[in-house]
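Here is how the chains run, residue by residue.
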Amino acid sequence: MERIVGTVARGLRCPIINRGDNIEDIVVESVLKASEVEGFTFNDKDIVSITESIVARAQGNYATIDHIAKDVSSKFGEETVGVIFPILSRNRFAICLRGIAKGVKKVVLMLSYPSDEVGNHLVDLDMLDEKGINPWTDVLTEEQFRGHFGYNKHAFTGIDYIDYYKSLVEEYGIECEVIFSNSPKTILDYTKHVLTCDIHTRFRTKKILKANGGISVYSLDDILAESMDGSGYNEDYGLLGSNKSTEDDVKLFPRNCQPVVDNIQHILKEKTGKDIEVMIYGDGAFKDPVGKIWELADPVVSPAYTPGLDGTPNEIKLKYLADNNFADLRGDDLKKAISQFITDKDDDLVGAMEAQGTTPRKLTDLIGSLSDLTSGSGDKGTPIVFIQGYFDNFTK
């Protein structure tokens, strides 16, 4: 029978994960049970994708604001600290800011504008044009910013993040001065001791700060890169990728993930006889067209994956073939010609006209985004995503 369905992504329900649970056994059992209940079989190159959250929960990779404060204090001492380029997020950064504030004597909070790194807007870009403000050159104080733009609440959360972040710092009796700039060097006019909180641009930011007189320069991946008094930690990403757990705790990005995916793959091979790929995923990378927010607040989409998920797609654009190479064909003749072209395609199509318009991004970034959209971030209860047919094409 002719195959009609291509890629299928299933969100799988599993037990609520607690600290100390064996995540590998739970994932395998959940996948096998889903197969039994739903009646699907396993194939080589199927994919099991696991959200980073349940891996970190099972690991017990948590820390408190006191742990954050102790690490920050050990790095900055009694200095005034510039906290620059944080994303605007109650879940991602607010609790980190509380820990930072608790560990210093004064904070100069420098926010990028009109939006943060992942697209959360403080002010509409059109308003900058109306006021004649150039975000690449103009540095604004809090008073100047309010004078130009007033009070603006986030479109989705209803939060005025300027007041909110300032209040979190002042909660501990710490002075907080707020400024607005997109140049890392601006903060050096206020203090030479800087904690840069950007995610994907942090290496460039640190380089600029150190080259222009920064004395103590750290980024969020330097905070809780090692355990503080028995806390959780992440040697690669520190506080990056962390989420609010309680009012006083954060769940960190999972650590030592490669053995987890490798062992799950090994057990599934024993149970199913198939070579199933496994990955752990965090935020996908896609932009909301209304709120203009990029989802990618984690340092990477996938902290660990099995070798079969390495690389990028090597695909042909079907509509290009239909409109160009085989424009004179129709029906079965067209299908056969395209199928043969795909069968004979080169192993590397970079630069080929037939591949233009395809998606030459990392497989793990693409599959992680698919997984993130499938599982959602709310109450679906499907932190495991089982994907079939992802590596298939028009010919199979």
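The rules behind the values
- Residues numbered from 1 in each chain as written.
- Predicted model: local features only at pLDDT ≥ 70, side-chain atom pairs only at ≥ 80, totals over all residues.
- Heavy atoms only, no water.
- Helix = DSSP H or I, 4+ residues; strand = E, 2+ residues; numbered from the N terminus.
- Buried < 20%, exposed > 50% of the residue type's maximum accessible area, 1.4 Å probe, protein only.
- Contact = heavy atoms within 4.5 Å.
- Pairing = 2+ DSSP bridges.
- Polar contact = N/O pair within 3.5 Å; in protein donor to acceptor, adjacent residues only side chain to side chain.
- Salt bridge = Lys/Arg side-chain N within 4 Å of Asp/Glu carboxyl O.

Would you take a moment to explain the overall build of the protein chain for this structure?
Helix and strand counts for the protein chain stand at 12 helices and 14 strands. Here the C-alpha coordinates of the protein chain stretch approximately 70 × 50 × 40 Å along the principal axes. Burial analysis of the protein chain (396 residues in total) assigns 50% to the buried set. Contacts spanning at least 24 positions in sequence make up 71% of the contacts within the protein chain whose residues lie at least 6 apart.

Any chance you could explain the pairing of strand β9 (residues 216-219) here in plain terms?
Where a strand is regular, its side chains alternate between the two sheet faces. Sheet topology note: the strand β8 (residues 193-196)/β9 ladder contains 4 bridges and is parallel. Within β9, the residue paired with threonine 196 across the bridge is serine 219.

Would you mind showing me how to read unusual backbone geometry here?
Residues apart from glycine generally show negative phi values, whereas peptide bonds are mostly found in trans. That bond from tyrosine 113 to proline 114 is cis: its omega, 10°, falls within 30 degrees of zero. Considering the arrangement of structural elements, one finds proline 114 in the loop between β5 (106-111) and α5 (125-131). One non-glycine residue, phenylalanine 85, lies in the positive phi region at around 55°. Relative to the helices and strands, phenylalanine 85 resides in the loop between β4 (80-84) and α4 (90-102). Exposure remark for phenylalanine 85: the relative accessible area of 8% places this residue in the buried category. For aspartate 229, which is not glycine, the phi dihedral falls at a positive 55°. Within the secondary structure, aspartate 229 sits in the loop between β9 and β10 (243-244). Take aspartate 229: its relative accessible area is 58%, and that puts it in the exposed class.

I'm lost on the side chain of lysine 251 in this one. Help?
Tracing the backbone shows lysine 251 in strand β11 (residues 249-251). A distance of 3.2 Å separates the side chain of lysine 251 from the side chain of glutamate 52, its partner in a polar contact. In this structure, lysine 251 is in contact with Glu52, Ser53, Ala56, Arg57, Asn61, Tyr62, Gly241, Ser242, Asn243 and Ser245, ignoring residues within four places of it in sequence.

What am I meant to see in the pattern of salt bridges here?
Once their charged atoms are close, side chains differing in charge can pair, the charge on each being opposite to the other. Inspection of every chain in the model, using the stated rule, returns 19 salt bridges. Two residues, arginine 202 and aspartate 221, come together in a salt bridge whose shortest N-O distance is 2.8 Å. Highlighted residues: arginine 202 in helix α8 (residues 202-211) and aspartate 221 in the loop between β9 and β10, separated in sequence by 19 residues. Of the residues examined, arginine 202 reaches a relative accessible area of 7% and is grouped as buried. Linking arginine 255 and glutamate 235 is a salt bridge whose minimum nitrogen-to-oxygen distance equals 3.0 Å. With arginine 255 in the loop between β11 and α9 (258-272) and glutamate 235 in the loop between β9 and β10, this residue pair connects regions lying 20 residues apart in the sequence. Residue arginine 255 is classed as partly exposed on the basis of its relative accessible area, which comes to 22%. Residue classification places glutamate 235 among the partly exposed residues on the basis of a relative accessible area of 39%. Via salt bridges that share partners, Arg92, Asp283 and Asp298 belong to a single interconnected network.

Keep in mind these values describe shape, not function.
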